[in-house]
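Next come the chains, spelled out residue by residue.
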Amino acid sequence: MNGMNLHQNGSSKSVNVTLEDLEIVACKCGSQLFEVKLKVGRLSQVHPKNKTGEPMLADLPVKVCAECGKELEV
Ligand SMILES: [Zn+2]
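Being a predicted model, the structure only gives us computed values, none of them experimental.

*Asks:* Just to check I follow, could you spell out the overall build of the chain for this structure?
*Replies:* A count of helices and strands for the chain gives 0 helices and 4 strands. A total of 74 residues make up the chain; the buried ones form 11% of that total. For the chain, contacts bridging at least 24 residues in sequence account for 33% of all contacts bridging at least 6. Summed over its atoms, the accessible surface of the chain is roughly 6500 Å², and 53% of this surface lies on carbon and sulfur atoms.

*Asks:* Quick question: what am I supposed to make of the coordination of the zinc ion here?
*Replies:* The reference angle at a metal is 109.5 degrees if four donors form a tetrahedron and 90 or 180 degrees if six donors form an octahedron. With distances of 2.3 Å, the protein atoms coordinating the zinc ion are Cys-27 (SG), Cys-29 (SG), Cys-65 (SG) and Cys-68 (SG). In this structure, the zinc ion is surrounded by 4 donor atoms whose angles at the metal cover 104 to 120 degrees, and the resulting shape is tetrahedral. Going along the chain, you hit the donors of the zinc ion in the pattern C-x1-C-x35-C-x2-C.

*Asks:* Can you help me understand the environment of Val-25 in this one?
*Replies:* On the secondary structure map, Val-25 appears in the loop between β2 (11–15) and β3 (34–43). For Val-25, a relative accessible area of 41% puts it in the partly exposed group. Residues Val-25 and Val-74 lie 49 residues apart in sequence; the distance between their C-alpha atoms is 8.6 Å.

*Asks:* I'm lost on a nonpolar patch on the surface in this one. Help?
*Replies:* A surface patch of nonpolar side chains, about 320 Å² in accessible area, is lined by Leu-38, Val-40 and Leu-57. Topologically, Leu-57 is positioned in strand β4 (residues 56–65).

*Asks:* Mind showing me how you'd approach the side chain of Ser-31 here?
*Replies:* Mapping Ser-31 onto the fold places it in the loop between β2 and β3. The exposure class assigned to Ser-31 is buried, which follows from its relative accessible area of 9%. In contact with Ser-31, other than residues within four places in its own chain, are Val-25, Ala-26, Cys-65 and Glu-67.

The rules behind the values
Residues numbered from 1 in each chain as written. Predicted model: local features only at pLDDT ≥ 70, side-chain atom pairs only at ≥ 80, totals over all residues. Heavy atoms only, no water. Helix = DSSP H or I, 4+ residues; strand = E, 2+ residues; numbered from the N terminus. Buried < 20%, exposed > 50% of the residue type's maximum accessible area, 1.4 Å probe, protein only. Contact = heavy atoms within 4.5 Å. Areas by Shrake-Rupley, 256 points an atom, 1.4 Å probe, with all protein chains shown as cover. Donors = N, O, S within 2.8 Å, 3.2 Å for Na, K, Ca; no water. Tetrahedral: all angles 85-135°; square planar, octahedral: opposite > 155°, others 65-115°. Patch = residues over 30% accessible without salt bridge, like charges linked within 9 Å, V, L, I, M, F, W, Y side chains within 5 Å. Salt bridge = Lys/Arg side-chain N within 4 Å of Asp/Glu carboxyl O.

The following block contains the structure:
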């Protein structure tokens, strides 16, 4: 059986855990259901790491509470 993909600080690594190893995360409002939404980061065309000469957008997925909409804090 494959490990689950755990996400930490934007990097993804496979860890050999099962559902029993995890505690279910709850929002401060008590909800245990979350939705993934996208924050969008913009890289300016004049940024030294931007070689394209055009502004670029990067998707930054965040988990927000399905009940109150607050961003999940680890
Ligand atoms: Zn909530």
